[in-house]
Amino acid sequence: MYKRIYFIFSFFLLLFFLGACSSNETSSKHPYANYFYPILDEPKIYVYRDIIGGLDEQFHRVYSVKDHLGHHVVVERYASDGRILEALNFNVDSLNIQDHMVVNRNQKKTKAFVYKTTYFPWNKTEQTWFATKFEGVLDSTLIFQEMKRNIQSENVLIDVMGEQTKSIKYKDLTKFTLINPFTKTEKVMELPSYTYYADGVGLVEWKSNGNKVHFKLEQIMDQADWLKFIRP
(Lines give C-alpha, C1' and ligand atoms only; values in the text may rest on other atoms or scores of the structure.)
Protein backbone atom coordinates (compact mmCIF):
# COMPACT_ATOMS: atom_id res chain seq x y z
CA MET A 1 0.00 0.00 0.00
CA TYR A 2 2.70 2.48 1.00
CA LYS A 3 4.67 1.86 -2.18
CA ARG A 4 1.58 2.66 -4.25
CA ILE A 5 0.78 5.75 -2.20
CA TYR A 6 4.28 7.13 -2.66
CA PHE A 7 4.03 6.46 -6.39
CA ILE A 8 0.79 8.41 -6.54
CA PHE A 9 2.26 11.14 -4.35
CA SER A 10 5.26 11.56 -6.65
CA PHE A 11 2.96 11.36 -9.66
CA PHE A 12 0.71 14.21 -8.58
CA LEU A 13 2.73 16.22 -6.10
CA LEU A 14 4.21 18.37 -8.51
CA LEU A 15 1.67 18.78 -10.05
CA PHE A 16 -0.02 20.11 -7.75
CA PHE A 17 3.07 22.11 -7.14
CA LEU A 18 2.73 23.89 -10.40
CA GLY A 19 2.23 27.64 -10.05
CA ALA A 20 0.88 30.43 -12.14
CA CYS A 21 2.57 33.45 -13.51
CA SER A 22 3.49 37.06 -13.96
CA SER A 23 4.88 39.04 -16.86
CA ASN A 24 5.52 42.45 -18.28
CA GLU A 25 2.41 42.07 -20.45
CA THR A 26 -0.07 40.76 -17.92
CA SER A 27 -0.11 41.64 -14.26
CA SER A 28 -1.47 39.43 -11.52
CA LYS A 29 -3.21 40.67 -8.40
CA HIS A 30 -1.46 38.03 -6.33
CA PRO A 31 1.34 39.50 -4.14
CA TYR A 32 3.68 36.56 -4.83
CA ALA A 33 3.11 36.36 -8.59
CA ASN A 34 6.76 37.11 -9.34
CA TYR A 35 7.68 33.73 -7.91
CA PHE A 36 5.76 31.84 -10.54
CA TYR A 37 6.17 31.09 -14.19
CA PRO A 38 6.60 34.16 -16.41
CA ILE A 39 4.10 34.48 -19.23
CA LEU A 40 5.95 33.98 -22.50
CA ASP A 41 4.95 33.94 -26.16
CA GLU A 42 6.26 30.40 -26.68
CA PRO A 43 5.90 27.35 -24.40
CA LYS A 44 8.82 26.44 -22.17
CA ILE A 45 9.63 23.00 -20.84
CA TYR A 46 10.92 22.68 -17.29
CA VAL A 47 13.04 19.55 -16.77
CA TYR A 48 13.12 18.13 -13.23
CA ARG A 49 15.54 15.44 -12.08
CA ASP A 50 14.89 12.82 -9.41
CA ILE A 51 17.53 13.65 -6.80
CA ILE A 52 17.13 10.33 -5.01
CA GLY A 53 17.20 7.89 -7.91
CA GLY A 54 19.03 10.11 -10.37
CA LEU A 55 17.52 8.62 -13.53
CA ASP A 56 13.85 9.62 -13.40
CA GLU A 57 12.79 12.90 -15.01
CA GLN A 58 9.62 14.96 -15.26
CA PHE A 59 8.80 17.52 -17.94
CA HIS A 60 6.44 20.41 -17.26
CA ARG A 61 5.26 22.28 -20.35
CA VAL A 62 4.18 25.81 -19.45
CA TYR A 63 2.25 28.15 -21.73
CA SER A 64 -0.26 31.00 -21.49
CA VAL A 65 -3.75 31.25 -22.98
CA LYS A 66 -6.14 34.16 -23.32
CA ASP A 67 -9.79 33.45 -24.11
CA HIS A 68 -13.33 34.41 -23.07
CA LEU A 69 -12.52 33.30 -19.50
CA GLY A 70 -9.58 35.68 -19.29
CA HIS A 71 -5.83 35.15 -19.06
CA HIS A 72 -4.61 31.87 -17.66
CA VAL A 73 -1.61 29.57 -17.66
CA VAL A 74 -1.60 25.87 -18.39
CA VAL A 75 1.00 23.56 -16.89
CA GLU A 76 1.14 20.11 -18.50
CA ARG A 77 3.17 17.35 -16.91
CA TYR A 78 4.83 14.64 -18.99
CA ALA A 79 6.62 11.40 -18.20
CA SER A 80 10.22 10.90 -19.28
CA ASP A 81 9.05 9.08 -22.43
CA GLY A 82 6.91 12.04 -23.53
CA ARG A 83 3.48 10.77 -22.38
CA ILE A 84 1.23 13.46 -20.99
CA LEU A 85 0.11 12.69 -17.43
CA GLU A 86 -1.95 15.67 -16.33
CA ALA A 87 -2.56 19.38 -16.77
CA LEU A 88 -3.45 22.23 -14.44
CA ASN A 89 -5.04 25.48 -15.58
CA PHE A 90 -4.29 28.53 -13.40
CA ASN A 91 -6.07 31.87 -13.35
CA VAL A 92 -3.44 34.60 -13.68
CA ASP A 93 -5.08 37.12 -11.35
CA SER A 94 -5.69 34.83 -8.38
CA LEU A 95 -3.32 31.92 -9.12
CA ASN A 96 -6.29 29.66 -8.35
CA ILE A 97 -6.99 26.45 -10.25
CA GLN A 98 -9.56 26.73 -13.03
CA ASP A 99 -9.39 23.18 -14.39
CA HIS A 100 -7.57 19.91 -13.76
CA MET A 101 -7.07 17.15 -16.32
CA VAL A 102 -5.68 13.69 -15.54
CA VAL A 103 -4.78 10.81 -17.86
CA ASN A 104 -6.33 7.64 -16.41
CA ARG A 105 -5.18 4.03 -16.50
CA ASN A 106 -6.57 3.64 -20.04
CA GLN A 107 -4.47 6.57 -21.27
CA LYS A 108 -7.59 8.67 -21.67
CA LYS A 109 -7.69 12.34 -20.75
CA THR A 110 -10.34 12.90 -18.08
CA LYS A 111 -11.62 16.05 -16.43
CA ALA A 112 -11.21 16.00 -12.67
CA PHE A 113 -13.83 17.40 -10.31
CA VAL A 114 -12.30 20.41 -8.56
CA TYR A 115 -13.92 21.13 -5.19
CA LYS A 116 -11.49 23.67 -3.71
CA THR A 117 -9.46 25.99 -5.93
CA THR A 118 -7.04 28.03 -3.79
CA TYR A 119 -3.41 27.10 -4.35
CA PHE A 120 -1.06 29.87 -3.20
CA PRO A 121 -1.44 31.82 0.07
CA TRP A 122 -1.77 35.60 -0.20
CA ASN A 123 0.02 36.17 3.10
CA LYS A 124 1.99 34.39 5.83
CA THR A 125 -1.06 33.50 7.90
CA GLU A 126 -3.36 32.13 5.19
CA GLN A 127 -3.73 28.44 4.53
CA THR A 128 -4.94 27.51 1.06
CA TRP A 129 -7.02 24.45 0.23
CA PHE A 130 -6.97 22.65 -3.10
CA ALA A 131 -9.17 19.56 -3.52
CA THR A 132 -9.80 17.43 -6.59
CA LYS A 133 -11.19 13.98 -7.41
CA PHE A 134 -10.17 11.89 -10.41
CA GLU A 135 -9.95 8.37 -11.78
CA GLY A 136 -7.08 6.21 -10.59
CA VAL A 137 -3.92 6.11 -12.68
CA LEU A 138 -3.14 2.49 -11.81
CA ASP A 139 -6.53 0.80 -11.34
CA SER A 140 -10.25 1.50 -10.96
CA THR A 141 -9.74 3.35 -7.67
CA LEU A 142 -11.07 6.89 -7.40
CA ILE A 143 -8.64 9.34 -5.82
CA PHE A 144 -9.72 12.32 -3.76
CA GLN A 145 -6.71 14.55 -3.18
CA GLU A 146 -6.52 17.56 -0.90
CA MET A 147 -3.56 19.88 -0.48
CA LYS A 148 -3.36 22.50 2.25
CA ARG A 149 -0.48 24.95 1.95
CA ASN A 150 1.21 27.54 4.14
CA ILE A 151 4.18 29.81 3.61
CA GLN A 152 6.99 28.52 5.78
CA SER A 153 9.77 30.93 4.77
CA GLU A 154 10.24 33.89 2.45
CA ASN A 155 13.46 35.15 0.85
CA VAL A 156 15.08 31.73 1.03
CA LEU A 157 18.23 31.50 -1.09
CA ILE A 158 18.52 28.17 -2.89
CA ASP A 159 20.56 26.91 -5.80
CA VAL A 160 18.63 27.13 -9.07
CA MET A 161 20.58 25.73 -12.01
CA GLY A 162 23.86 26.96 -10.52
CA GLU A 163 22.67 30.35 -9.22
CA GLN A 164 21.60 31.37 -5.73
CA THR A 165 18.05 32.61 -6.20
CA LYS A 166 15.51 34.15 -3.81
CA SER A 167 12.66 31.73 -3.24
CA ILE A 168 9.57 31.01 -1.20
CA LYS A 169 9.40 27.75 0.76
CA TYR A 170 5.90 26.30 1.20
CA LYS A 171 4.85 23.65 3.68
CA ASP A 172 2.18 21.40 2.18
CA LEU A 173 0.03 18.68 3.64
CA THR A 174 -1.35 16.40 0.96
CA LYS A 175 -4.08 13.93 1.83
CA PHE A 176 -5.03 11.07 -0.47
CA THR A 177 -8.29 9.21 -0.03
CA LEU A 178 -8.36 6.09 -2.22
CA ILE A 179 -11.95 5.05 -2.87
CA ASN A 180 -12.82 1.58 -4.14
CA PRO A 181 -16.13 2.04 -6.00
CA PHE A 182 -16.93 -1.68 -5.86
CA THR A 183 -16.28 -2.50 -2.20
CA LYS A 184 -17.16 1.02 -0.98
CA THR A 185 -13.98 1.05 1.12
CA GLU A 186 -11.48 3.86 1.60
CA LYS A 187 -7.79 4.14 2.43
CA VAL A 188 -6.28 7.42 3.60
CA MET A 189 -2.70 8.65 3.60
CA GLU A 190 -1.38 12.06 4.65
CA LEU A 191 1.99 13.16 3.32
CA PRO A 192 3.72 16.37 4.42
CA SER A 193 6.06 17.95 1.88
CA TYR A 194 7.89 21.14 0.94
CA THR A 195 7.96 23.07 -2.33
CA TYR A 196 10.14 25.93 -3.51
CA TYR A 197 9.24 28.62 -6.03
CA ALA A 198 12.03 30.92 -7.21
CA ASP A 199 11.76 34.57 -8.16
CA GLY A 200 11.26 34.91 -11.93
CA VAL A 201 11.41 31.15 -12.49
CA GLY A 202 8.52 29.29 -10.87
CA LEU A 203 8.61 25.82 -9.36
CA VAL A 204 12.22 24.76 -8.83
CA GLU A 205 12.10 21.98 -6.24
CA TRP A 206 9.78 19.71 -4.25
CA LYS A 207 10.42 17.03 -1.67
CA SER A 208 8.43 14.94 0.77
CA ASN A 209 9.04 14.94 4.49
CA GLY A 210 11.65 12.25 5.04
CA ASN A 211 13.02 12.84 1.52
CA LYS A 212 11.35 9.79 -0.06
CA VAL A 213 10.38 12.02 -3.01
CA HIS A 214 12.74 14.77 -4.18
CA PHE A 215 12.81 16.49 -7.57
CA LYS A 216 14.82 19.54 -8.58
CA LEU A 217 14.84 21.77 -11.66
CA GLU A 218 17.71 20.85 -13.97
CA GLN A 219 17.10 22.97 -17.07
CA ILE A 220 14.52 24.96 -19.04
CA MET A 221 14.15 24.03 -22.71
CA ASP A 222 12.49 25.52 -25.76
CA GLN A 223 9.72 23.36 -27.16
CA ALA A 224 11.59 22.60 -30.39
CA ASP A 225 14.60 21.27 -28.46
CA TRP A 226 12.36 19.23 -26.19
CA LEU A 227 10.58 17.58 -29.12
CA LYS A 228 13.95 16.59 -30.57
CA PHE A 229 14.96 15.22 -27.19
CA ILE A 230 11.92 12.98 -26.66
CA ARG A 231 11.54 11.98 -30.34
CA PRO A 232 15.02 11.14 -31.61
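Conventions we followed
- Residues numbered from 1 in each chain as written.
- Predicted model: local features only at pLDDT ≥ 70, side-chain atom pairs only at ≥ 80, totals over all residues.
- Heavy atoms only, no water.
- Helix = DSSP H or I, 4+ residues; strand = E, 2+ residues; numbered from the N terminus.
- Contact = heavy atoms within 4.5 Å.
- Areas by Shrake-Rupley, 256 points an atom, 1.4 Å probe, with all protein chains shown as cover.
- Buried < 20%, exposed > 50% of the residue type's maximum accessible area, 1.4 Å probe, protein only.
- Pairing = 2+ DSSP bridges.
- Salt bridge = Lys/Arg side-chain N within 4 Å of Asp/Glu carboxyl O.
- Core = buried A, V, L, I, M, F, W, Y, C linked by side-chain atoms within 4.5 Å.
- Phe/Tyr/Trp six-rings, centres within 6.5 Å; stacked < 30°, edge-to-face > 60°.
- Lys NZ or Arg CZ within 6 Å of the ring centre and 35° of its normal.

Caption draft 1: Local environment of the overall build of the chain. For the chain, the count of helices and strands is two helices and 15 strands. Considering only intrachain contacts with a sequence separation of at least 6, the fraction spanning at least 24 residues in the chain is 51%. Carbon and sulfur atoms form 50% of the exposed surface of the chain, whose accessible area is close to 11,200 Å².

Caption draft 2: Highlighting the pairing of strand β7 (residues 97-103). For β7, the tally of buried residues reaches five of seven residues, placing the bulk of the element in the interior. Taken together, the five bridges between strand β6 (residues 84-91) and β7 define a ladder with antiparallel strand orientation. Across the sheet, Asn89 pairs through a bridge with Asp99, a residue of β7. In terms of strand pairing, β7 meets strand β8 (residues 109-111) through three bridges, oriented antiparallel. From the neighbouring strand, Val102 faces β8, where its bridge partner is Thr110.

Caption draft 3: Structural view of the pattern of salt bridges. By the definition in use, this model includes 10 salt bridges. Lys124 is paired through a salt bridge with Glu154; the nearest N and O atoms lie 3.5 Å apart. You can see Lys124 sitting in the loop between β9 (113-117) and β10 (128-135) and its partner Glu154 sitting in strand β11 (residues 142-160), a full 30 residues away along the chain. Of the residues examined, Glu154 reaches a relative accessible area of 28% and is grouped as partly exposed. A single network of salt bridges, built from pairs that share partners, joins Arg49, Glu57 and Glu218.

Caption draft 4: Focus on the nonpolar core. Phe36, Tyr48, Tyr119, Phe120, Tyr170, Tyr197 and Val204 are the most contacted members of the largest nonpolar core, which has 36 residues in total. Listing elements by their share of this core, those giving two or more residues are β3 (44-50), β5 (70-78), β6, β11, β12 (163-180), β13 (185-198), β14 (202-208) and β15 (214-222). With five residues, the top contributor of residues to this core is β11. When residues no more than four places from it in sequence are discounted, the contact partners of Tyr48 are Tyr37, Asp56, Glu57, Gln58, His60, Leu203, Val204, Trp206, Phe215, Lys216, Leu217 and Glu218. Residues Val47, Phe59, Ile84 and Ile230 belong to the second largest nonpolar core, which totals 12 residues.

Caption draft 5: Representation of the packing of aromatic side chains within the structure. Counted under the stated rule, the structure contains 17 aromatic pairs. Arranged with centres 5.7 Å apart and planes meeting at 75 degrees, the rings of Tyr115 and Phe144 form a pair that is edge-to-face. With a gap of 29 residues between them, Tyr115 in strand β9 and Phe144 in strand β11 connect regions that are remote in the sequence. An aromatic cluster is built from Phe36, Phe90, Tyr119, Phe120, Phe130, Tyr170 and Tyr197, whose rings are joined through pairwise contacts. Its end group placed over the ring of Tyr170, Arg149 keeps NZ or CZ at 4.8 Å from the ring centre. It is Lys169 that lies over the ring of Tyr194; its NZ or CZ is 4.7 Å from the centre.

Caption draft 6: Just the environment of Ile39, in detail. If you trace the backbone, Ile39 turns up in the loop between β2 (37-38) and β3. Since its relative accessible area comes to 9%, Ile39 is described here as buried. Measuring from C-alpha to C-alpha, the distance between Ile39 and Tyr63 comes to 7.1 Å, with 24 residues separating the pair along the chain.

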